[in-house]
Amino acid sequence: MLSDRMSTALNDQLNAELYSAYLYLSMAAYFASINLPGFANWMRVQRLEELTHAMKFYDYLVESGARVELKQIDAPPTEWSSPLEVAEAVLAHERKVTGLIHKLVDIAIEERDHATNAFLQWYVNEQVEEEASADSVVQSLKRIGDSPGGIFMLDREMGQRVFNPMVSGIHGGVG
Ligand code: FEO
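This write-up is about the structure you can find in this document.

Rules of the game
Residue indices begin from 1 for each chain and proceed along its sequence in written order. The predicted origin of the model limits local features to residues at a pLDDT of at least 70 and limits the giving and counting of side-chain atom pairs to 80 or more, whereas totals for whole chains, interfaces and linings rest on all residues. For the side-chain quantities, the full set of heavy atoms in the structure was used; hydrogens and water were omitted. Helix and strand definitions follow DSSP, with helices as H or I runs of at least four residues and strands as E runs of at least two, each counted in order from the N terminus. Given the number of residues in a helix, its expected span is that number minus one, multiplied by 1.5 Å. Salt bridges are defined by distance alone: a side-chain nitrogen of Lys or Arg within 4 Å of a carboxyl oxygen of Asp or Glu. The axes are straight lines fitted to the C-alpha atoms, using for helices just the contacting stretch, and the angles between their N-to-C directions are given from 0 to 180°. An angle below 35 degrees is treated as roughly parallel, one above 145 as roughly antiparallel, one from 65 to 115 as roughly perpendicular, and anything else as oblique. Throughout, a crossing is termed right-handed when the near helix is turned clockwise from the far one, and left-handed when it is turned anticlockwise from it by less than a right angle. Residues are treated as being in contact if the distance between any of their heavy atoms lies within 4.5 Å. Gly counts as polar in this scheme, as do all residues outside two lists: the nonpolar Ala, Val, Leu, Ile, Met, Phe, Trp, Tyr, Cys and Pro, and the charged Asp, Glu, Lys and Arg.

1. Concerning helix H4 (residues 114-144)
Consideration 1: Between its terminal C-alpha atoms H4 stretches 46 Å, which fits the 45 Å expected from 31 residues at 1.5 Å a residue.
Consideration 2: Where H4 terminates, the next one or two residues include Gly 145, which has phi positive at roughly 65 degrees.

This is how it looks when you write it as structure tokens:
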């Protein structure tokens, strides 16, 4: 049985994960608009990952007998000045999400909710990967600088990224 405080905090994080998906879809649209389909693909894959993160919270709330309360999702930004600015925004956003996940763990500990604490450890580990992945794109773009050839090569590489539901912790596809 989840405490009201824990249930509210998990519902807030469900909303935050849906916002992440919305933000990354907006970034995908930006990349499509500047003719970088590989980067757009990267963001579309990230969006699917965020939906799996959201659904894991949804399923946990339902399995715990708590109510899922869907709230309004904020509108994301729509314009950025460069691929590097987008990648840096992704990294900053993932760092913010890491902070939110750690706050959830703090609440679980304060509530003596061992089951939720165990559930959240998957996210703690996932955020390490999420930040490392975003940081590697930032570093690649910094190395490339303004080289059109470099951006073209990286775009091709980003186009090969695929969504893997097994890696994302969802075994039945995106819910
Ligand atoms: Fe749901 Fe990218 O963290």
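What follows picks up the thread again.
2. Describing the pattern of salt bridges
Consideration 1: Tallied over the entire structure, the rule returns five salt bridges.
Consideration 2: In this structure, Glu 111 and Arg 5 form a salt bridge, with 3.1 Å as the shortest nitrogen-oxygen distance. Placement of Glu 111 in the loop between helix H3 (83-110) and H4 and of Arg 5 in helix H1 (residues 4-33) is noted, with a sequence separation of 106 residues between them.
Consideration 3: Close ionic contact of Asp 12 with Lys 71 constitutes a salt bridge, the shortest N to O distance being 2.7 Å. One end of the pair, Asp 12, is in helix H1; the other, Lys 71, is in the loop between helix H2 (37-63) and H3, with 59 residues separating them in the sequence.
Consideration 4: It is possible to trace a salt-bridge network through shared partners that takes in Arg 5, Glu 110 and Glu 111.

3. With respect to the packing of H4 against helix H5 (residues 148-158)
Consideration 1: Remark: H4 packs on H5, axes separated minimally by 9 Å, with the N-to-C direction vectors making an angle of 155 degrees. With respect to H5, the axis of H4 lies roughly antiparallel. Remark: the crossing between H4 and H5 carries right-handed chirality. In this structure, H4 uses Val 137, Ser 140, Leu 141 and Ile 144 to contact H5, whose residues at the interface are Gly 150, Ile 151, Leu 154 and Met 158.
Consideration 2: Looking at the contact of H4 with H5, its residues break down into six nonpolar, two polar and no charged.

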